[in-house]
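Here is how the chains run, residue by residue.
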Amino acid sequence: MNDIICRLREQYPPGSKIRILEDIDDPYTPKEAGDVMTVFYIDDVGQIHGAWKSGGSMSLVYDVDVFRAL
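Residues numbered from 1 in each chain as written. Predicted model: local features only at pLDDT ≥ 70, side-chain atom pairs only at ≥ 80, totals over all residues. Heavy atoms only, no water.

Participant: Can you tell me about the overall build of the protein chain, naming the residues and giving the values?
Facilitator: The helix and strand tally for the protein chain stands at one helix and five strands. Taken from N to C terminus, the helices and strands of the protein chain fall in the order α-β-β-β-β-β. In terms of overall dimensions, the protein chain is globule-like: its C-alpha atoms have a radius of gyration of 11 Å, near the 11 Å expected for 70 residues. Principal-axis analysis of the C-alpha atoms gives the protein chain an extent of 30 × 20 × 15 Å. Per-residue burial for the protein chain yields a buried fraction of 34% across its 70 residues. The long-range fraction of contacts in the protein chain, counting pairs at least 24 apart against all pairs at least 6 apart in sequence, stands at 39%. Carbon and sulfur atoms make up 50% of the accessible area of the protein chain, which totals about 4500 Å². (Helix = DSSP H or I, 4+ residues; strand = E, 2+ residues; numbered from the N terminus. Rg over C-alpha atoms; globule rule 2.2 N^0.38 Å. Buried < 20%, exposed > 50% of the residue type's maximum accessible area, 1.4 Å probe, protein only. Contact = heavy atoms within 4.5 Å. Areas by Shrake-Rupley, 256 points an atom, 1.4 Å probe, with all protein chains shown as cover.)

Here is the structure:
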């Protein structure tokens, strides 16, 4: 398994919280900076999946989206 994926899974285990630091301009589920996600899992390509406080389930991409753990 990719070292980056392993590191992400260690840093963001299921149940951890992530806050986005920049808006995500998605045409279907836009998210504003400050929104918080509860992590469900990280898939084999490194997308972080979970539930958003504002609703929805859009994933985060570790090398594209700007976020930090809470």
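From this point on, the discussion continues.
Participant: Please provide a residue-by-residue account of the pairing of strand β1 (residues 17–20), values included.
Facilitator: By the alternation rule, side chains of β1 split into Ile-18 and Ile-20, which are all buried, and Lys-17 and Arg-19, of which none is buried. In the sheet, β1 pairs with strand β2 (residues 36–42) via three bridges, with the strands oriented antiparallel. Considered in β2, the bridge of Ile-18 is made with Met-37. By the bridge criterion, three bridges tie β1 to strand β5 (residues 67–69) in an arrangement that is antiparallel. Bridge assignment links Ile-18 to a residue of β5, and that residue is Ala-69. (Pairing = 2+ DSSP bridges.)

Participant: Help me get a handle on the packing of aromatic side chains, residues and values and all.
Facilitator: The tally for this structure, following the rule as stated, stands at one aromatic pair. Here the aromatic rings of Tyr-12 and Phe-67 are separated by 5.7 Å at their centres, their planes lie at 65 degrees, and the arrangement is edge-to-face. With a gap of 55 residues between them, Tyr-12 in the loop between α1 (3–11) and β1 and Phe-67 in strand β5 connect regions that are remote in the sequence. With respect to burial, Tyr-12 and Phe-67 carry one shared label: buried. (Phe/Tyr/Trp six-rings, centres within 6.5 Å; stacked < 30°, edge-to-face > 60°.)

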